Amino acid sequence: MWFDEGLATLVDYRYNSDKFISFDKINELSSRDVFYEPSHVKENYEMAHSEINRWFGIVGKSGLVELIDGLNNGKEFKTIYKSIESQS
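A few points on the structure. The shown structure was predicted, so the numbers you read here are calculated from the model rather than taken from an experiment.

Looking only at helices and strands, the protein features five helices and zero strands. Overall, the protein shows an N-to-C arrangement of helices and strands of α-α-α-α-α. The C-alpha radius of gyration computed for the protein amounts to 13 Å, which stays within 12% of the reference 12 Å derived for 88 residues, consistent with globular compactness. Along the three orthogonal principal directions, the C-alpha set of the protein runs to about 35 × 25 × 20 Å. Within the protein, buried positions represent 38% of all 88 residues. The protein carries 10 positive and 15 negative side-chain charges, and their two centres are separated by 1 Å.

Looking at the secondary structure, you find Ser86 in helix 5 (residues 77-87). Considered as a pair, Ser86 and Ile58 are 28 residues apart in the sequence and their alpha carbons are 9.3 Å apart.

If you walk through the whole model with that rule in mind, you get eleven aromatic pairs. Consider the rings of Phe3 and Trp55, whose centres lie 6.0 Å apart with planes at 80°: the pair is edge-to-face. Placement of Phe3 in helix 1 (residues 2-12) and of Trp55 in helix 4 (residues 41-72) is noted, with a sequence separation of 52 residues between them. Relative accessible area serves as the criterion here: at 11%, Phe3 is assigned to the buried category. Trp55 sits in the buried class, given a relative accessible area of 0%. Pairwise contacts between aromatic rings join Trp2, Phe3, Trp55, Phe77 and Tyr81 into one cluster.

We now examine the packing of helix 4 against helix 5. Close contact between helix 4 and helix 5 brings their axes to 9 Å; oriented N to C, the two are set at 120°. For the element pair helix 4 / helix 5, the angle class is oblique. For the element pair helix 4 and helix 5, the recorded crossing hand is right-handed. Facing helix 4, whose interface residues are Glu51, Ile52, Arg54, Trp55, Ile58, Val59, Gly63, Glu66, Leu67, Gly70 and Leu71, helix 5 presents Phe77, Ile80, Tyr81, Ile84, Glu85 and Gln87. Of the residues belonging to the contact of helix 4 with helix 5, the class tally is ten nonpolar, three polar and four charged.

Turning our eyes to something else, we now look at the packing of helix 1 against helix 4. It is at 8 Å that the axes of helix 1 and helix 4 come closest, and there the two elements cross at 85°. Considering their axes alone, helix 1 and helix 4 lie roughly perpendicular with respect to each other. Residue-level inspection shows Trp2, Phe3, Glu5, Gly6, Leu7, Thr9 and Leu10 of helix 1 in contact with helix 4, the latter providing Tyr45, Ala48, His49, Glu51, Ile52, Asn53, Trp55, Phe56, Leu64 and Leu67. Among the residues making up the contact of helix 1 with helix 4, the classes are represented as eleven nonpolar, four polar and two charged.

Cut-off values and rules
Residues numbered from 1 in each chain as written. Predicted model: local features only at pLDDT ≥ 70, side-chain atom pairs only at ≥ 80, totals over all residues. Heavy atoms only, no water. Helix = DSSP H or I, 4+ residues; strand = E, 2+ residues; numbered from the N terminus. Rg over C-alpha atoms; globule rule 2.2 N^0.38 Å. Buried < 20%, exposed > 50% of the residue type's maximum accessible area, 1.4 Å probe, protein only. Lys, Arg positive; Asp, Glu negative; His and termini not counted. Charge placed at Lys NZ, Arg CZ, Asp CG, Glu CD. Phe/Tyr/Trp six-rings, centres within 6.5 Å; stacked < 30°, edge-to-face > 60°. Axes fitted to C-alpha atoms, helices over the stretch in contact; angles between N-to-C directions. Parallel < 35°, antiparallel > 145°, perpendicular 65-115°, else oblique. Left-handed = near helix turned anticlockwise from the far one by under 90°. Contact = heavy atoms within 4.5 Å. Nonpolar A, V, L, I, M, F, W, Y, C, P; charged D, E, K, R; others polar.

Set out below in structure tokens:
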């Protein structure tokens, strides 16, 4: 959930956060119920934006395409996400 919403924030320019968020912390936001928890939704969007902004800044469009291709080929999200970043 956090990846989808974080990616969407890259194009709507609503968020401008550059906070470092640990991957374990951001992964806690994987479920819809947790991500959209009313008392934390703004903070969750900011965290998702911050992480995607950081990651995309490292891997760029080619990394995003590689991630999508990997997911379409059955690779696990966490593994391929980190792998693509470490290659860049």
